[in-house]
Amino acid sequence: MIASRKKGAGRVGEVRLPPLVEHTFPNGLHLTIARREPIPLVAARLMLEAGSAADPVDHRGLAEFTARLLRRGTRAMSADAINDAVEFVGASLGAGAAEDYSAVSLTTPAHALERMLEVMAQLVREPAFPEVEVETARRRALAQLANDLDDPALVADRACARALWGDHPYGHDVLGTARDVERFSREQSERFHRLWYGPRIAQLFVVGAVDPDAVLRLVERVFGGWEGGPSAPPSLPPLDKAAGAGRVLLIDKPDQTQSQVRIGGLALRRGAPDWIPALVMNTALGGGFTSRLVNEIRVKRGLSYGAASGFDGMLAGGSFVVSTFTKTESTWEIIQVAMGELRKMRAKGPAAPELARAQTYMAGLYPLRLETNESVAAALAEMRLYSLGEDWVARYRERVRSVTRAQAAAAARQWLPGDDPALVVVANASEVQAQLREWGTVDVRPLADLVS
């Protein structure tokens, strides 16, 4: 076995993780333990480096569908038995997928950790995928996709992902489409599990009131015999330019009296050298209530109650998106204002007072993100998945405060979309189409295209 190693934290006054105990088992599973007391609660997060980006081309959404089914029965436990075991001790247990990973998450009283990790191990190692549960999960997924059509903001977000990424593995929604879900079968989930669930691409994080030595012995017992799965995570290609750059994707929702607007482009991966300068710059642009976009769109003009922007960094790249909405007749104006703010930020970056406010806001908010065992487990998983470095948490606020105007301006020039962004609007097409022609060729699509 590879020897365990303990890591301390940094200088006085920093936001610090608890000392970590780490261990890699012979099957490849990596375990990280963070002891946090005195509250007798524990969070455990098992992360597998295969998410919706590993979906088969003709079965988009299969990673999420498979993850949801894990809790619906194992070789030894029915779904009801799992529910009873979890509820009896007051724990919670769930599974799901994102673009870059699938995860099983557990919160439990410390006294029940042994039993709950045994259940978690069964879900991961021996899911049964009962046919009746597959059918139930399919109906629920189809109902969710249908219901999602009533949320114009969600429709716009999904359409924006397609406009940015196109046929890239990041270009489809984690849930997939109705056409995909209708074709899912027990055999397909079994195959996805067989291909992508294995210890060599898995990491387990246990955070809370625990004895690290006892956790090591417990994890070795319940996960030590785990075999199979891939030898490496899926390989994802980069994408240099947004699929919909210079065009307008107009999703026709005839009952709309407002327009949901997204302005986006491809950007940097999470943890890139200029990730922190980009985040600080964006906080000044649209990442806070005192940002430029809020001031220009909401405060000065009253075009919308909300306007925001943000970077979404993943393993193979990332994206930047401005999100807002307005009444139908002011669609052109809100796009014009947002584009103007993007141009100004690209040209000069944030002003000194804006930079200082953004840094204070980000540095002050960061400790709140690490208050619970669950949030610490999630932070550890993020650090490892995106190779952020062992000092990521300890030095995060220091790095935020050290960003210069020149660095923020360089990030703006590099990563904000230019005058040919991917533009997505969800609205009554007959009332807004003419307003959008200035921004490129308008591609009008029916709402059903997003789920079919």
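Because the structure is a prediction, the values reported are computed rather than measured.

Participant: I'd like a description of the overall build of the protein, backed by residues and values.
Facilitator: From N to C terminus, the protein includes 16 helices and 13 strands. Its C-alpha radius of gyration of 23 Å places the protein within 12% of the 22 Å reference for a compact globule of 452 residues. Seen through its C-alpha atoms, the protein measures out along the principal axes to roughly 65 × 55 × 35 Å. Each of the 452 residues in the protein was classed as buried or not, and the buried ones make up 57%. Across the protein, contacts joining residues at least 24 apart in sequence account for 81% of those joining residues at least 6 apart. A total accessible area of about 19,300 Å² is found for the protein, and carbon and sulfur atoms account for 51% of it. Of note, the protein has its 54 positive side-chain charges centred 5 Å away from the centre of its 54 negative side-chain charges.

Participant: Could you give an account of helix 14 (residues 392–401), with specific residues and numbers?
Facilitator: Among the residues of helix 14, those classed as buried are W392, V393, A394, Y396, R397 and V400. Residues of helix 14 that are buried sit in contact with helix 9 (275–285), helix 12 (352–365) and helix 13 (373–385).

Participant: Outline the environment of A98, supporting the account with residue identities and numerical values.
Facilitator: Along the polypeptide, A98 turns up in the loop between strand 5 (92–97) and strand 6 (102–109). Sequence separation between A98 and T177 is 79 residues; the distance between their C-alpha atoms is 15 Å. Not counting the four nearest positions on each side in its chain, A98 is found in contact with G51, S52 and V174.

Participant: For a nonpolar patch on the surface, give the residues involved together with the corresponding values.
Facilitator: Together, Y361, L365 and L368 make up a nonpolar patch on the protein surface, roughly 290 Å² of accessible area in all. Mapping L368 onto the fold places it in the loop between helix 12 and helix 13.

Participant: Report on the packing of aromatic side chains, specifying residues and quantitative values.
Facilitator: A full pass over the atoms with the stated rule returns six aromatic pairs. Seen in terms of ring centroids, F65 and F184 are 4.8 Å apart; in terms of plane orientation they differ by 45 degrees. Their pairing is tilted. Of this pair, F65 sits in helix 1 (residues 62–70) while F184 sits in the loop between helix 6 (178–183) and helix 7 (186–196); the two residues are 119 residues apart in sequence, bridging distant segments of the chain. Both residues of the pair, F65 and F184, belong to the buried class. Chaining the aromatic ring pairs together yields one cluster made of Y366, W392 and Y396. It is R270 that lies over the ring of Y386; its NZ or CZ is 5.2 Å from the centre.

Participant: Which residues make up the side chain of S102, and what values do they have?
Facilitator: Mapped onto the elements, S102 comes out in strand 6. Excluding residues within four positions of it along the chain, S102 makes contact with L46, M47, L48, A50, G51, A63, G96, A97 and Y197.

Participant: Any chance you could break down the packing of helix 1 against helix 7 for me, citing the residues and the numbers?
Facilitator: For the pair helix 1 and helix 7, interaxial distance at closest approach is 9 Å and the crossing angle is 95 degrees. If you check the angle between helix 1 and helix 7, you find them roughly perpendicular. Contact residues: helix 1 offers L62, A63, F65, T66, L69 and L70, while helix 7 offers Q188, S189, F192 and H193. When the residues that make up the contact of helix 1 with helix 7 are grouped by side-chain class, the tally is six nonpolar, four polar and no charged.

Participant: Talk me through the pattern of salt bridges; I want residue IDs and the actual numbers.
Facilitator: Should the charged atoms of two oppositely charged side chains come close, the side chains can pair. Enumeration over the complete set of coordinates arrives at 29 salt bridges. With a shortest N-O distance of 2.6 Å, D148 and R158 are connected by a salt bridge. Residue D148 is located in helix 4 (residues 131–148), and its partner R158 is located in helix 5 (residues 152–165); the two are separated by 10 residues in the primary sequence. The pair formed by D148 and R158 is uniform in burial state, with each residue classed as buried. For R445, the salt bridge is made with D443, and the minimal N-O distance between the two is 3.0 Å. Relative accessible area serves as the criterion here: at 36%, R445 is assigned to the partly exposed category. Looking at D443, the relative accessible area reads 29%, which means it is partly exposed. Overlapping salt bridges bring together E114, R115, E118 and R221 as one network.

Participant: Requested: an account of the packing of helix 1 against helix 4, with residues and values cited.
Facilitator: One can describe the packing of helix 1 onto helix 4 by two numbers: an axis separation of 10 Å at closest approach and a directional angle of 130 degrees. As far as their axial angle goes, helix 4 and helix 1 are oblique. As for how helix 1 packs across helix 4, the hand of that crossing is right-handed. Each of F65, R68 and L69 in helix 1 lies in contact with helix 4, whose residues at this interface are E133, V134, A137, R138 and Q144. Of the residues belonging to the contact of helix 1 with helix 4, the class tally is four nonpolar, one polar and three charged.

Participant: Please set out the pairing of strand 8 (residues 247–252) residue by residue, giving values where relevant.
Facilitator: Strand residues, when the strand is regular, have side chains that alternate between the two faces of the sheet. Where strand 8 lies against strand 13 (residues 441–446), six bridges are found, and the strand directions are parallel. Bridge pairing links L249 to D443 in strand 13. Bridge count between strand 8 and strand 12 (residues 422–427): five bridges; the pairing is parallel. By the bridge assignment, I251 is partnered in strand 12 with V426.

Each value, and the rule that gives it
Residues numbered from 1 in each chain as written. Predicted model: local features only at pLDDT ≥ 70, side-chain atom pairs only at ≥ 80, totals over all residues. Heavy atoms only, no water. Helix = DSSP H or I, 4+ residues; strand = E, 2+ residues; numbered from the N terminus. Rg over C-alpha atoms; globule rule 2.2 N^0.38 Å. Buried < 20%, exposed > 50% of the residue type's maximum accessible area, 1.4 Å probe, protein only. Contact = heavy atoms within 4.5 Å. Areas by Shrake-Rupley, 256 points an atom, 1.4 Å probe, with all protein chains shown as cover. Lys, Arg positive; Asp, Glu negative; His and termini not counted. Charge placed at Lys NZ, Arg CZ, Asp CG, Glu CD. Patch = residues over 30% accessible without salt bridge, like charges linked within 9 Å, V, L, I, M, F, W, Y side chains within 5 Å. Salt bridge = Lys/Arg side-chain N within 4 Å of Asp/Glu carboxyl O. Phe/Tyr/Trp six-rings, centres within 6.5 Å; stacked < 30°, edge-to-face > 60°. Lys NZ or Arg CZ within 6 Å of the ring centre and 35° of its normal. Axes fitted to C-alpha atoms, helices over the stretch in contact; angles between N-to-C directions. Parallel < 35°, antiparallel > 145°, perpendicular 65-115°, else oblique. Nonpolar A, V, L, I, M, F, W, Y, C, P; charged D, E, K, R; others polar. Left-handed = near helix turned anticlockwise from the far one by under 90°. Pairing = 2+ DSSP bridges.

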